[in-house]
Every structure is written in C-alpha cells, then in structure tokens.
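Structural description and commentary
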Amino acid sequence: MSDTVDCPYCGHENDMSHALTDGLSSNNTFDHECEECETEFEVYVEFEPSYTSSEILYEPCQKCGSEERDIYKKGRVFPFPEALQHTKVCKKCYMEAIAAEYSK
Ligand SMILES: [Zn+2]
Ligand SMILES: [Zn+2]
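As a convention, each chain's residues are numbered from 1 in the sequence order in which they are written. Each chain takes a letter, starting from A, and each ligand takes a number, starting from 1, following the order in which they are written. Side-chain atom pairs in this predicted model are given and counted only at pLDDT of 80 or more, local residue features only at pLDDT of at least 70, and totals for whole chains, interfaces and linings cover all residues. As a convention, hydrogens and water are excluded, and side-chain values are obtained from all of the structure's heavy atoms.

1. Some details on the coordination of the zinc ion (ligand 1)
Here the zinc ion (ligand 1) is held by C7 (SG), C10 (SG), C34 (SG) and C37 (SG), and the distances to it run 2.3 Å. Each of the 4 donor atoms around the zinc ion (ligand 1) contributes to a set of angles spanning 106 to 113°, which defines the coordination as tetrahedral. In the primary structure, the donors to the zinc ion (ligand 1) are separated according to the pattern C-x2-C-x23-C-x2-C. The rule is simple: take the accessible area with a 1.4 Å probe, protein chains only, and divide by the maximum for that residue type; under 20% is buried, over 50% is exposed, in between is partly exposed. Overall, C34 belongs to the buried group, its relative accessible area being 1%. Sites may look incomplete, because water is not among the atoms used; the donor set itself consists of N, O and S atoms within 2.8 Å of the metal (3.2 Å for Na, K and Ca). Every geometry call rests on angle ranges, with four donors termed tetrahedral when all angles are between 85 and 135 degrees, four termed square planar and six termed octahedral when opposite donors are over 155 degrees apart and all others are between 65 and 115, and everything else termed irregular.

If you want it as structure tokens, here you go:
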C-alpha cells in the first residue's frame, strides 16, 4: 500500500503515512489539505484484505457416522434440537431433528 496520494488539483504527492490519526468516516474517506496548494481534497483509503486460515476438519456425525465438514455442535448451533441425544451431528441429521421438533 502506498503512503502517498497525488493532489487532484496540483498533482503534488502528499504523504499520507500520518494522515490517518483523525480516524476515518464510515466510508473510509477523510479530507486532507494539500501540502502544496492547500486545497482540501477527499482521500479514499483502501484497506488490504486480510486472511486468516484454519484447518479443514471433518468430523463424524454421532448419529449416522458420516464424516462432514460442517458439523452441527451443541452449544454452537441454536436452536439445538432437544430430541437429539448427540452433541455433534451432520447437517442432514440436524435438519431432520429440527423438522421433527417443529412438527410436534
Ligand atoms: Zn495540491
Ligand atoms: Zn448424520
């Protein structure tokens, strides 16, 4: 990310590395006065995307035994069907239990 931005009026390269202290407006813009011609212009800040990673975990469904990537865990999924005797189930079993719960 470059820390300079060209003034749209005179083309002067303004140093932005200390310009972010005032905080940004909600749309990532702020007004900056050109160091050269002293005209205010709007600066749009682009943030680089950041990535986090985690392992892909396949866990067995406690009900039907199929290994699934999106396992539904009790305590992490709401509502968790009371009828389920298990704490980790696959989506299919979860959906079935939910459906059974609501058809009561
Ligand atoms: Zn300027
Ligand atoms: Zn299952």
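2. A look at the pairing of strand β3 (residues 29–33)
Direction of pairing for β3 relative to strand β4 (residues 40–44): antiparallel, over a ladder of 5 bridges. Bridging from a neighbouring strand, D31 pairs with E42 of β4. Pairs of strands are assigned from DSSP output, requiring at least two bridges between the strands. Per the convention used, a helix needs a DSSP run of H or I reaching at least four residues, while a strand needs a run of E reaching at least two, with both numbered from the N terminus.

3. Focus on the domain arrangement of the protein
Along its sequence, the protein is organised into domain 1 (4–44) and domain 2 (59–102). The C-alpha-based centres of domain 1 and domain 2 are spaced at 53 Å. These domain limits were set by an automatic method or by a database of domain assignments.

4. Considering the coordination of the zinc ion (ligand 2)
Coordination of the zinc ion (ligand 2) by the protein comes from C61 (SG), C64 (SG), C90 (SG) and C93 (SG), over a distance range of 2.3 Å. Relative to the metal, the 4 donor atoms surrounding the zinc ion (ligand 2) lie at angles of 104 to 115°, and the coordination shape comes out tetrahedral. On the basis of relative accessibility, which here comes to 2%, the residue C90 falls in the buried class.

5. Looking at the nonpolar core
The set of buried Ala, Val, Leu, Ile, Met, Phe, Trp, Tyr and Cys residues whose side-chain atoms join them within 4.5 Å is what this entry labels a nonpolar core. Counting 12 residues, the largest nonpolar core is built from C61, I71, Y72, V77, F80, L84, V89, C90, C93, Y94, A97 and I98. For this core, the element with the most residues is helix α1 (residues 91–102), which contributes 4 residues. Judged by nonpolar contacts, the second largest core, of 8 residues, contains A19, F30, C34 and V43.

6. Describing the packing of aromatic side chains
To pair, rings of Phe, Tyr and Trp, with the six-membered ring standing in for Trp, must have centres within 6.5 Å; the planes then decide the type, stacked if under 30 degrees apart, edge-to-face if over 60, and tilted in the middle. For the structure on display, the rule yields 2 aromatic pairs. When the ring of Y72 is compared with that of Y94, the centres are 4.4 Å apart and the planes differ by 20°; the resulting orientation is stacked. With Y72 in strand β7 (residues 72–73) and Y94 in helix α1, this pair connects stretches of sequence that are 22 residues apart. You can call Y72 buried: its relative accessible area is 17%. Given the relative accessible area of 6%, Y94 is considered buried. Seen from their ring centres, F80 and Y94 are 6.3 Å apart, and the 45° between their planes marks the pair as tilted. Here the residue F80 occupies a position in the loop between β7 and β8 (88–89), and Y94 occupies one in helix α1, the gap between them amounting to 14 residues. Taken together, Y72, F80 and Y94 form an aromatic cluster joined through their ring pairs.

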